[in-house]
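Listed below are the residues making up each chain.
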Amino acid sequence: MKHYIVLLDRAAMPGEMRIPGFDHVWVEHPHTQAGECVDHLWRATIGVTHESSVTGPDIDGCPKLALLVVTGEDLSVVDQAACRQRGIRLIHLPRADRPPQVWAEALMDAIEDFARPSRDH
């Protein structure tokens, strides 16, 4: 399966991201404003947000979304109930006190773990 990975707030995510070891399309948006979420995520199977809000209606507009990673401290930027209802896996991966590259590697590990061919979506 080819994954479509979208980073909604790349400007807020430190470190260099390694190239995923699976078939994918990678899209980065420096910032995502209210009202742009569906435009940015509608094709995504994997979405990553730092502080951009992902509401229930946004989630409804993204039928392929299977994984959503929140990298900021505030998990409430995502409608968690809507994720549960749609069967979207939600991972909270705040930076805490990790160095930027260590955090970036943890993010890529989470994405690659999810995208392994043996994973049942």
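See the structure printed just above.
This is a predicted model, so every value here is computed, not measured.

Caption draft 1: Quick peek at the overall build of the chain. Helix and strand counts for the chain stand at 4 helices and 5 strands. Starting at the N terminus, the α and β elements of the chain follow one another as β-β-α-β-α-β-α-β-α. For the chain, whose C-alpha radius of gyration is 13 Å, the value lies close to the compact-globule estimate of 14 Å for 121 residues. When the backbone C-alpha atoms are referred to their principal axes, the chain occupies close to 35 × 30 × 20 Å. For the chain, the residues scored as buried account for 47% of the 121 residues in total.

Caption draft 2: Up close: the side chain of Glu 112. Checked against the element boundaries, Glu 112 lands in helix α4 (residues 100-115). The exposure class of Glu 112 is buried, given its relative accessible area of 19%. Residue contacts for Glu 112: discarding those within four places in its chain leaves Arg 18, Ile 19, Pro 20, Gly 21 and Phe 22.

Caption draft 3: Up close: the sheet that holds strand β3 (residues 46-49). Pairing is parallel across the open sheet formed by 5 strands, whose spatial order is β2-β1-β3-β4-β5. What marks the edges here is a single partner per strand, and that holds for β2 (24-28) and β5 (89-92). Within the sheet, the average angular offset between the axes of one strand and its neighbour, ignoring direction, is 15°. Along the sheet face, α4 touches β1 (3-7), β2, β3, β4 (67-70) and β5 and points at about 160° away from the line of β3.

Caption draft 4: Region of interest: the pattern of salt bridges. The full count for this structure, using the stated rule, is 5 salt bridges. Between Glu 28 and Arg 10 there is a salt bridge, with the nearest N and O atoms lying 3.4 Å from each other. Here the residue Glu 28 occupies a position in strand β2, and Arg 10 occupies one in the loop between β1 and β2, the gap between them amounting to 18 residues. Taking the relative accessible area as the measure of exposure, Glu 28 reaches 40% and is therefore partly exposed. Owing to a relative accessible area of 14%, Arg 10 belongs among the buried residues under this scheme. Glu 112 is the salt-bridge partner of Arg 18, the closest N and O atoms lying 2.9 Å from each other.

Caption draft 5: Quick peek at the environment of His 3. Note on placement: His 3 falls in strand β1. On the accessibility criterion, His 3 (2% relative accessible area) is buried.

Here is what the cut-offs are and how they apply
Residues numbered from 1 in each chain as written. Predicted model: local features only at pLDDT ≥ 70, side-chain atom pairs only at ≥ 80, totals over all residues. Heavy atoms only, no water. Helix = DSSP H or I, 4+ residues; strand = E, 2+ residues; numbered from the N terminus. Rg over C-alpha atoms; globule rule 2.2 N^0.38 Å. Buried < 20%, exposed > 50% of the residue type's maximum accessible area, 1.4 Å probe, protein only. Contact = heavy atoms within 4.5 Å. Pairing = 2+ DSSP bridges. Axes fitted to C-alpha atoms, helices over the stretch in contact; angles between N-to-C directions. Salt bridge = Lys/Arg side-chain N within 4 Å of Asp/Glu carboxyl O.

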